[in-house]
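In case you want the letters, here they are:
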Amino acid sequence: MSTSRYASLIPVLAVLGSVTALSVGTSFAKQLFPLIGAQGTSALRVGFSALVLLAVFRPWRWTTTRADAGAILRYGITLGVMNLLFYMALRTIPFGIAVAIEFCGPLAVAMWSSRRPIDFVWVGCAVVGLLLLLPLGHGAPLDPVGVMFALGAAACWAMYIIFGKRAGHLHAGHTVSLGLCAAALVVVPVGIAHAGMALLDPKILLFGLGVAIVSSAIPMSLEMMALKRLPKETFGILISMEPAVAALLAMGLLAEHLTPLQWAAIGCTVVASVGSTMTARRAAPAVSVTGA
């Protein structure tokens, strides 16, 4: 009995580990901003993540049709732009708030086709949370440019989910590894143009490799393992904790302290995400939903 309970906890711990690793890796990545900027940091993260996952999954083992290549290309480009916009947002707004705003993307996808009364409750929670975060003059206003970058990342996350579903018939490792290669083709040139030769500093390269492993390779691998063992609804509820986890870790690692109003906004986002997951109609499983 105890062995069975322990085995059932493994996928839950995997999701929590994924959320924690993503938040820790991104918090460390922000420390590179003064040296190579958000663009250079994003380039290292996406570029090294692509190399690591290529080595792990070896996608050349699978046949890729022209239609599949097109789906993966759209998925990957969207993933790359999402990562870049998210890191640009982190320059001027707190990590936890950026994650909460970005979560509006998957929430919008979840709610788009829904017409049940209960779903409008979750929409209302998400809207309230977003309004509390937007720079509308209440409390300490957030940087409008940073908020716009975060909203852009949210829009990309929504498209990333849609494009990911279109490639959902492929093996997850096949899609994610090739998708990250496509993402690197978008992000790495931008990072090189911004940071130049600073990207070749051995210490920065080593730090960037660590960021890529902790914030991309580990979370994606843990999520893929959890998705095979957890109901989609349970997985969605656990992953909904990401904004709160990000805010808590950023408070400890980056000294980013939020106001009570901002914590309330993050709470609204988490409630909306958990609620929409619990009441969602069952659908086909989707590709990994790791955020930026």
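Before reading on, note that the structure itself is shown above.
Residues numbered from 1 in each chain as written. Predicted model: local features only at pLDDT ≥ 70, side-chain atom pairs only at ≥ 80, totals over all residues. Heavy atoms only, no water.

Q: Before we go on, may I ask you to explain the side chain of S23 in this structure?
A: Mapped onto the secondary structure, S23 falls in helix α1 (residues 2–29). Here S23 is in contact with F95, V245, A246 and L249, once residues within four sequence places are set aside. (Helix = DSSP H or I, 4+ residues; strand = E, 2+ residues; numbered from the N terminus. Contact = heavy atoms within 4.5 Å.)

Q: I keep staring at helix α7 (residues 144–166) and nothing clicks. Help me out?
A: Along an α-helix, residues three or four positions apart point the same way, because every turn accommodates 3.6 residues. Helix length check: α7 (23 residues) gives 33 Å between terminal C-alpha atoms against 33 Å at 1.5 Å per residue, within 8%. Among the residues making up α7, those that are buried are G146, V147, A150, A153, A154, C156, W157, A158, Y160, I161, F163 and G164. Against α3 (66–90), α4 (95–102) and α5 (104–112) lie the buried residues of α7. (Expected span 1.5 Å × (residues − 1). Buried < 20%, exposed > 50% of the residue type's maximum accessible area, 1.4 Å probe, protein only.)

Q: Any chance you could explain the packing of aromatic side chains here in plain terms?
A: Aromatic ring pairs are defined here through the distance separating the ring centres and the angle between the ring planes. Counting across every chain of the model gives five aromatic pairs. Plain terms: the ring middles of Y75 and Y160 are 5.0 Å apart, the flat faces sit at 20° to each other, and that makes the pair stacked. Here Y75, found in helix α3, pairs with Y160, found in helix α7; they are 85 residues apart in sequence, far enough to count as distant. A relative accessible area of 1% means that Y160 is categorised as buried. The interplanar angle of 85° and the centroid separation of 5.1 Å between the aromatic rings of F103 and W157 together place this pair among those described as edge-to-face. Taken together, the residues span a long stretch of sequence, with F103 in the loop between α4 and α5 and W157 in helix α7 at a distance of 54 residues. (Phe/Tyr/Trp six-rings, centres within 6.5 Å; stacked < 30°, edge-to-face > 60°.)

Q: Which parts of the structure should I look at to understand unusual backbone geometry?
A: Most peptide bonds are trans, and most residues other than glycine sit at a negative phi. In this structure, R58 takes a positive phi of about 45° despite not being glycine. Position of R58 among the secondary structure elements: in the loop between α2 (33–57) and α3. One non-glycine residue, A255, adopts positive backbone phi at about 55°. Among the secondary structure elements, A255 is positioned in the loop between α11 (242–253) and α12 (260–279).

Q: Before we go on, may I ask you to explain the environment of I77 in this structure?
A: Relative to the helices and strands, I77 resides in helix α3. Between the alpha carbons of I77 and V186 there is a distance of 6.5 Å; along the sequence they are 109 residues apart. For I77, the contacting residues outside a window of four places in its chain are A182 and V186.

Q: Would you take a moment to explain the side chain of T78 for this structure?
A: In this structure, T78 sits in helix α3. Under the relative-accessibility criterion, T78 is labelled buried at 7%. Each residue touching T78, except ones within four places of it in the same chain, is listed here: C156, M159, Y160 and F163.

Q: Whenever I open this one, the packing of α5 against helix α6 (residues 117–133) confuses me. Can you help?
A: A pair of packed helices is captured by two measures, namely the crossing angle of their axes and the spacing between those axes. Between α5 and α6, the shortest axis-to-axis distance is 11 Å and the interhelical angle comes to 160°. Here α5 is positioned roughly antiparallel relative to α6, judged by the angle of their axes. Relative to α6, the crossing made by α5 is left-handed. Of the residues in α6, those in contact with C104, L107 and M111 of α5 are D119, W122, V123, A126 and L130. (Axes fitted to C-alpha atoms, helices over the stretch in contact; angles between N-to-C directions. Parallel < 35°, antiparallel > 145°, perpendicular 65-115°, else oblique. Left-handed = near helix turned anticlockwise from the far one by under 90°.)

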